[in-house]
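Architecture at a glance
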Amino acid sequence: MDHFATECSWDHLYVFDGDSIYDPLLAVFSGMVVQDNYHVPHIPEVVARSGSALLYFYSDAAYNLTGFKISYRINGCPRTVGGEECSGHGVCLDGICTCNAGWGGPACSVRMCPEGCSGNGQCNPEEHRCQCHSGYTGADCSQVVEAGWWEVVGHDITSQLTHSNPASTLLERSSHTTVLIDDMVWLIGGYSFTDRPFILKYDIYGDKWIAVNSTSIKKPMYRYGHTTVVYNGSIYMYGGMKADGNITHELWRLDTQTLKWREEEEEEQENEKRKANKENDEGEEEGHQRKNSSGGCSHARGPCAPIQCVGHASVVVQKGTENIMLVIFGHSSVYGYLNTVQEYNLDEGTWSTVETHGAIVKGVYGHTVVWDPTTALVYVHGGLLSHDSTSQVIATLMTYDPIMQKWKLMSPAPVPRFLHSAVLVEGLMLVFGGNTHNDIAYSYGAKCYSADFLAYDIICNSWHTLHQPPNLYLDVARYGHTASLHESKMYIIGGFNGKMLGSVLRYHPGECKQFTSSEECLNAFPGRKCVWIRILKLCEPNKNNDKNAYDVCSNVTPAVNFTELCSKQQSCLSCMSNTYGCKWCGSACTHNKCVEYKGVGSVDGCEEDSLRSHCKSLKTCKLCRAHQHCDWQKQMCVVARNRTTSSEHLEISGENILSTPPIDQQDHHSSINSGTRNALHPHKPCEATCADRLTCSKCTESTCVWCFNQQRCVNNNSYLVSFPYGQCREWTTETKKCMDLKQGDRRCALHKTCKKCQADVACGWCDDGSSTGIGRCMEGGQRGPINPITGVLNWISDNCSASNWFFTECPLCNCNGHSTCDNKSQCMQPCGNNTEGSHCQHCTHKFYGSPINGGLCRPCMCNEHGETCNRETGRCNCHTKGVTGDHCDRCDNQNNYVGEPLHGSCFYDLQIDYQFTFNLSKQEDRHIRQINFFNIPTKSDVDTVFDIYCSKATNIKISSKTTRSHESWIISNYTGTRIKQRFSASEYTFGFAENNTIFFVYVYNFTSPIEIVVSFSQHPKLDLFQFFSIFSL
């Protein structure tokens, strides 16, 4: 890979080990890899061992970066950036480097003793490695042990072996979970490109990964983005996204002794049966909260637990004598980004949704939580936040008090991130990696895959940047990994950086005793929190020391813009529930003091209605209405007035009450009984969520994204939640690009041309051999048609020969079956079957249909009121004004045209004594060639004067008839621009309903634009003040 710069998480390059997308996926590259003077430490190389490789690139073209430049070799060997195979230090034999003496590594790019052992060791030529002096470690002896150091578990950088470790291959995955039980790391689930064991177990001391097979008949389906916790030797797994894209609320328990899975809902149901006789009639069940009709809980704010969610975080805490699994935030396909806290009582097996207090928080995805038993607080960091129609990566840190159920905002991290990891070591929260990219065109400092290493000092509420892992001779930047802590050592397991990683990094914290001054002790963070003993003048690890005898925080703290942080708080509760030193000044939050307002100094002083702020933080209709005191109105969540919990409507009781205005317009001091009273109308049902829209057409009607290959609809702001690893190869928000599949349809079969077929990377074109361009689109690759389920070539069942298969180029001759080619590519003209065009791709004049790929053209059916029609849809271009319908079969009654077009025509009703002007000059009039009028004189003893003027010469006919007679011609063949004629009351019958004369006027054989002025009058003398002029559009 010589150059690679695309938009992170949106533009992807897919690499398959084979010639089709049905072959194993090797990598999905995105973001900044090599750009100008920037490149990741180790340029990715991908090896396709099948003999073929398919590369597919998709971009949404939102940010146009410089793209990519890649090279490939057949039976080649690894190389370094811009270098030659085997780095010039070895020989390539059958795709494997045989390194020269003194060199090692897959590309022979690593010296036997790297960097000359950095001057901190001696090279041992017999063992082909550095022997480091005391106090130093690492392959090149560059790391100081007391400062904390990194290593790759089970990795020998100078090894000449290039084949992957089998255990590493088993491990390759992301968005999995790991938990520690004794000296074993248990790994559950995760997303991978190919099938991997659902459960792995790592023996830390034996340095061995083992695939674990459950003995259960009923077991959970594969999933990722779930959480696991350990309690009483069992692993509890909650939520996550299944392989079909469905998000679950299942809770499973794995007995690590028997290796049996059990879905906890079964146990809850048994508990409920046993307790049923003890329940009273108050309506609440133990073990489950009762739902109201909006999906919310009757006795708590928010959706009823357990909620279907993915990308949440879980931790076990103690609340008094109870052991509780907290489930914090996450994303739901029903409710969107969740700002809820769920509790699962591990002893009683019961769920509840928590009503929280303090700062008003917003839901996030891909964050981390750690539980600090010393402060009895949960620390929640980072994540992906919903931001209108998009999403935003945040750097927020907040604490949650599970006893008080209260949120508080702490100092944010220097850089936002999500899908990172966090562990707690002696009062220090260590944060590693993650995706730090927000949607901007160029961002060298915020990359898709980060190797950032940060520490948050809990006691001092401060962030510190630690040294990133040194050159470990493999890729360490990643997201979607996990971190586990064993004997103060941090294990970074798996993850994603364009490839699924099977490596394990281990970090060893350093020592505090090396520091000899208070300043050094308090400002250095060797992977642990150090404190200074004043009397003994010693530096030692934090052990919750007495601050009277110890210095625990440095006088020099990282700069934080508290003014900006305060200004971002939009409610009194958030303004006063943080560590920023904010004051609430009536309607805004400021730092330290208010200018013209005394200000609020504590949460207790907030006069605002906390419910109002809470409702405002809910960003979707269903999440809003799941809170029993909130309602969704005018695309925002407001406090509901007298909303019932048993109906989808608002209850109106007693007098009419005020309708609830938007939050920003509400006055919380005013009484609902004051002012003008308006009834509060029942609210409309929530629109269908994106996940409920099962076709592309339905999906793109709303603010949703349709993913073609996944056949899924997701919200605009949850694209990264739904496809964090590039699972969506192509998407759209435009209905015109949709191809809705019916049950039993195969997507490729919907493409009717070779060009459209090959634009879909999943498909290929099978020509019928007639050399006319007819063929079929079907699933396949370069070798031929493929069964998409089995991935096996399908020549026989699909009845397609190899000579007729086209995957990257179309047949030269394409006449859609309506002609043949005279020189291999030019269709002979004229085309047959009423078609035309260079490829016989259109229907001719007066015909319609889709002649593509052998389709037929049918005559336009316009009931003699038109000759032409839309050549694709067949909708007629009616040539008589007022005749309408797809087949010119109706009159435009709304515009005063009446008649029977199937047995005659349509006529405009000219009322007596009115002058009408028809200006036929619009685009819609371009096909009009005729317009008809009729008039019924109403005065029995007054002559009728007819007058018509046309702006250009045209044909005009005039006839009359009575109720008892047939139509007879008065003027049958006039060509000109003006007719004015008087009809005597003595010759015609006027004003008699039983046998009145009706005049018909036909104006025809004209082209637009034309203006026609016409009138029938029974005034003895035209009175311009009484004569109205009507303009018909």
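Values in this document were obtained by computation on a predicted structure and should not be read as measured data. Each chain carries its own residue numbering, running from 1 in the direction its sequence is written. Given that this is a predicted model, residues contribute local features only at a pLDDT of at least 70 and side-chain atom pairs are listed and counted only at 80 or more, while totals for whole chains, interfaces and linings are drawn from all residues. Note that water and hydrogens are dropped before the side-chain values are worked out from all heavy atoms of the structure.

On to the state of the cysteines. Cysteine sulfurs are considered disulfide-paired once they come within 2.5 Å of each other. Applying the stated criterion across every chain, the model contains 33 disulfides. Disulfide pairing places C8 opposite C448 at an S-S distance of 1.7 Å. Where C8 bonds to C448 through sulfur, the torsion about that S-S bond is close to 125°, and the disulfide is right-handed. Of this pair, C8 sits in the loop between β1 (3-5) and β2 (12-16) while C448 sits in the loop between β42 (428-432) and β43 (453-457), and the two are 440 residues apart along the sequence. C448 matches C8 in its accessibility class, with the two residues each being buried. One disulfide in the model links C707 with C728; its S-S distance is 2.3 Å. Taking the sign of the S-S torsion, 125° for the link of C707 and C728, the bridge is right-handed. Here C707 is found in strand β55 (residues 704-707), whereas its partner C728 is found in the loop between α9 (719-722) and β57 (731-732), with 21 residues between them in sequence. Only runs of H or I of at least four residues qualify as helices and only runs of E of at least two qualify as strands under DSSP, and these elements are numbered from the N terminus. A 1.4 Å probe rolled over the protein chains alone gives each residue an accessible area, and that area as a share of the maximum for its type sets the label: buried under 20%, exposed over 50%, partly exposed in between.

A separate point is unusual backbone geometry. In this chain, Q829 is followed by P830 through a cis amide linkage whose omega measures 0°. For P830, the location among the structural elements is in the loop between β60 (805-806) and β61 (835-836). Geometrically, the link from S1008 to P1009 is a cis peptide bond, its omega value of 5° lying close to zero. With respect to the element layout, P1009 can be found in the loop between β73 (998-1004) and β74 (1010-1017). Look at K634: it is not a glycine, yet its phi comes out positive at around 50°. Positionally, K634 belongs in the loop between β53 (630-633) and β54 (636-639). The phi dihedral of K846 is positive, around 75°, even though this residue is not glycine. In this structure, K846 sits in the loop between β62 (842-843) and β63 (847-849).

The subject of this paragraph is the sheet that holds strand β35 (residues 368-372). Pairing is mixed across the open sheet formed by five strands, whose spatial order is β33-β40-β39-β36-β35. The sheet terminates laterally at β33 (357-358) and β35, the two strands that pair on one side only. Here, any two strands with at least 2 DSSP bridges between them count as paired.

Here the focus is the sheet that holds strand β59 (residues 775-779). The strand order across the open sheet built from three strands is β59-β58-β60, with neighbouring strands paired in antiparallel fashion. Here the strands that pair on one side only, and so sit at the sheet edges, are β59 and β60.

Bringing a nonpolar patch on the surface into the picture now. Candidate patch residues must exceed 30% relative accessible area and have no salt bridge, after which like charges are joined if within 9 Å and Val, Leu, Ile, Met, Phe, Trp or Tyr side chains if within 5 Å. Shrake-Rupley sampling with a 1.4 Å probe provides the accessible areas, and residues are treated as covered by the protein chains on show and by no other component. The salt bridge criterion pairs a side-chain nitrogen of Lys or Arg with a carboxyl oxygen of Asp or Glu, the two atoms within 4 Å. Taken together, the side chains of L55, F57, F68 and I70 present a nonpolar region at the surface, about 310 Å² in accessible area. Considering the arrangement of structural elements, one finds F57 in strand β6 (residues 54-58).

Glancing now at the confidence of the model for the protein. The pLDDT value expresses, per residue, how confident the predictor is, ranging between 0 and 100. Residues of the protein with pLDDT of at least 70 account for 88%, and the chain-wide mean is 86. Contacts are assigned to residue pairs with any non-hydrogen atoms lying within 4.5 Å of each other. The model gives residues 441-445 a pLDDT under 50, and that stretch makes 12 contacts with residues more than four places away or in other chains. Counting contacts from residues 643-681, a segment whose pLDDT is below 50, to residues more than four positions away or on other chains yields 82 contacts.

With respect to the helices and strands, N932 occurs in strand β70 (residues 930-935). Assessed through its relative accessible area of 0%, N932 is described here as buried. Between the C-alpha atom of N932 and that of Y908, which follows or precedes it by 24 residues, the distance is 6.2 Å. When sequence neighbours within four positions are dropped, the list of residues in contact with N932 reads T880, S905, C906, F907, Y908, V1001, Y1002 and V1003. Separated by 2.8 Å, the side chains of N932 and S905 make a polar contact. Whenever two N or O atoms come within 3.5 Å, that pair is a polar contact, provided that in protein one can donate a hydrogen and the other can accept it, and provided that, for residues adjacent in sequence, both atoms are side-chain atoms.

Relative to the helices and strands, N64 is located in the loop between β6 and β7 (67-69). For the pair formed by N64 and T6, sequence separation is 58 residues and the distance between their alpha carbons is 7.5 Å.

It is worth spelling out the nonpolar core at this point. Ranked by size, the top nonpolar core spans 50 residues in total, and within it Y365, L384, F496 and Y719 carry the most contacts. At the level of elements, β2, β3 (25-29), β6, β55, α9, α10 (754-759), β58 (763-767) and β59 are the ones that each hand at least two residues to this core. Grouped together as the second largest cluster of nonpolar side chains are 33 residues, I324, V341, C566 and V600 included. Side-chain atoms within 4.5 Å link the members of a nonpolar core, which is a set of buried Ala, Val, Leu, Ile, Met, Phe, Trp, Tyr and Cys residues.

The next point concerns the packing of aromatic side chains. Two rings from Phe, Tyr or Trp (for Trp, the six-membered ring) form a pair when their centres are within 6.5 Å of each other. A pair whose planes differ by under 30 degrees is stacked, one over 60 is edge-to-face, and the rest are tilted. By the definition in use, this model includes 51 aromatic pairs. Look at F329 and W407: their rings are 5.2 Å apart centre to centre, the planes differ by 20°, and that puts the pair in the stacked class. Of the two residues, F329 is situated in the loop between β28 (322-328) and β29 (331-332) and W407 in strand β40 (residues 406-409); the sequence distance between them amounts to 78 residues. Each member of the pair, F329 together with W407, is buried.

What follows deals with the pairing of strand β72 (residues 968-983). As judged from the 12 bridges shared by strand β71 (residues 944-961) and β72, these two strands associate in the antiparallel manner. The residue of β72 that forms the bridge with F946 is Q981. Between the end of β71 and the start of β72, which pair antiparallel, lie six residues.

Now for the side chain of T700. Tracing the sequence through the fold places T700 in the loop between α8 (696-699) and β55. A polar contact is formed between the side chain of T700 and the backbone oxygen of C696, at a distance of 2.9 Å. Setting aside residues up to four positions removed in sequence, T700 forms contacts with T732, T733, E734, T735 and C738.

Moving on, we come to the pattern of salt bridges. Evaluated as defined, the whole model comprises 34 salt bridges. For E263, the salt bridge goes to K218, with nearest N and O atoms at 3.5 Å. Placement of the pair is E263 in strand β26 (residues 260-263) and K218 in the loop between β20 (208-212) and β21 (223-224), with a sequence separation of 45 residues. A residue is classified by how much of its surface remains accessible, and E263, at 11% relative accessible area, is buried. The class of K218 is partly exposed, set by a relative accessible area of 46%. In this structure, K736 and E734 form a salt bridge, with 3.5 Å as the shortest nitrogen-oxygen distance. On the basis of relative accessibility, which here comes to 32%, the residue E734 falls in the partly exposed class.

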